[in-house]
Each structure stands twice: as C-alpha cells, then as structure tokens.
Amino acid sequence: TLWATTRAVNIQDLASITEFTHTKTVYLYKGDDYAYTNQYMQEKGELISLPSKWESIYPDHVGICWYRIPLYIEKSDIKDIPIAISLGEIEVADETYLNGHLIGKGGDIERKELYYDIPRLYHIPSEYLNIGETNILAIRVLGGFKISGPYAGDMRVGPLLNLQKSQLWIDSLQ
C-alpha cells in the first residue's frame, strides 16, 4: 500500500492514551502549501521527532512550516467517548488538520495573531477518523522567531477527558 514505507504513530486503541513524544514519526516541510493536508500524499519531508524547533533543520527560515504526522488507528471501541490530540506548546501560531479537516487553531496565522507558550489540546470529531487506516494530522505553523514549531510538552492522542486531566496535573506541578 501507499503507507507501507511511511513511519506512523501506531494507535492500538483510542480508548487509552497513546504517547508519541520523541518518536521519529513526524515529517517536516518548509513553506506554505495546503496540499500537505492531503491524506494520500507520499512523504518526502524531513523525518523528525517532537517536540523540536525547526531552526535545527531550517536555521534561517521565517514564515510557515508544515508538520505531518501519520496516525494508524488499529481499532476503536470509543462509541461515545470524545477523542482529542495534545500537541504541547507551539510557537507562535498554528492550524491543525486531521485528514484535511480543521480541528483546531491557536492564534491566527493570516493576521499574525500570536498564541504561544500555551499547550494545544484539540477535540477530534469521530467522523474525521478512519479506523483501520492511516490518518494524517497536518499542523500548519507560523514561526521563525528564535523558537518555532511544537517545541515543548507531550504529544498524545486519546480520550479527551483523560488528556484534560493529565494536562491539569502537569499544570499543577509548575
């Protein structure tokens, strides 16, 4: 299949949290092209892990980069359980898509309204999920100001309530 050579975050079941922090399953692309939301695009970007700053790969780039994260969901017994994705802190603004559908944003890229140092937690509508297939999470990020991209925090997918509780616990420790 198309995805046989693509690294993906393997989600065995959405009923529990799957963490993909520091796993080399993220493809980074410099420049702005909504084609990066395309679920069936062959991956040719820089293979990286998150969290990271794009300056380590594109040191002089100011503007927009896209992060593509293939998520393979083996099965799901979630029925009425809201699912979400936690992306840690993103510098400086983002739009996040799943299979071409906007699921959340921090700030406003077009207006250059910044929303940084705030953990992202986005609900994923169940109708956007493809169970038994590879799903593409595409994150459009405005950056280039010393630190750019998803640079801190844990990258996770799972039940919204569990991720919210986990984030509250982390916040209470700081």
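Residues numbered from 1 in each chain as written. Predicted model: local features only at pLDDT ≥ 70, side-chain atom pairs only at ≥ 80, totals over all residues. Heavy atoms only, no water.

Section: the environment of Leu87
Note the following rule: To qualify as a helix, a DSSP run of H or I must reach at least 4 residues; to qualify as a strand, a run of E must reach at least 2; elements of each kind are numbered from the N terminus. In this analysis, two residues are considered to be in contact whenever any of their non-hydrogen atoms come within 4.5 Å of each other.
Secondary-structure assignment places Leu87 in strand S6 (residues 83-91). Put simply, Leu87 and Pro150 are 63 residues apart on the chain and 6.9 Å apart in space, counted from C-alpha to C-alpha. Setting aside residues up to four positions removed in sequence, Leu87 forms contacts with Thr96, Arg120, Tyr122, Leu137, Ile139, Pro150, Ala152, Asp154 and Met155.

Quick notes on unusual backbone geometry
As a reminder, the rule being used: In this scheme, a residue with accessible area under 20% of its type's maximum is buried, one over 50% is exposed, and one in between is partly exposed, where area comes from a 1.4 Å probe on protein chains only.
Looking along the chain, the bond that leaves Leu50 and enters Pro51 is cis, with omega of 0°. Residue placement: Pro51 occurs in the loop between strand S4 (46-48) and strand S5 (63-75). Omega for the peptide link from Glu91 to Val92 comes to 5°, which places this bond in the cis form. Along the polypeptide, Val92 turns up in the loop between S6 and strand S7 (93-98). Residue Lys112 is not a glycine yet carries a positive backbone phi of 60°. Here Lys112 shows up in the loop between strand S8 (101-106) and strand S9 (119-124). What makes Lys112 exposed here is its relative accessible area of 55%.

Digging into the confidence of the model for the protein chain
Where we set the bar: For every residue, the pLDDT score states the predictor's confidence, bounded by 0 at the bottom and 100 at the top.
Within the protein chain, residue pLDDT values average 87, and 91% of them lie at 70 or more. Helix H1 (residues 160-173) is the least confidently modelled element of the protein chain, averaging 77 in pLDDT, while S8 averages 97, the highest of any element. In the predicted structure, residues 1-5 sits below a pLDDT of 50 and forms ten contacts with residues beyond four places in sequence or in another chain.

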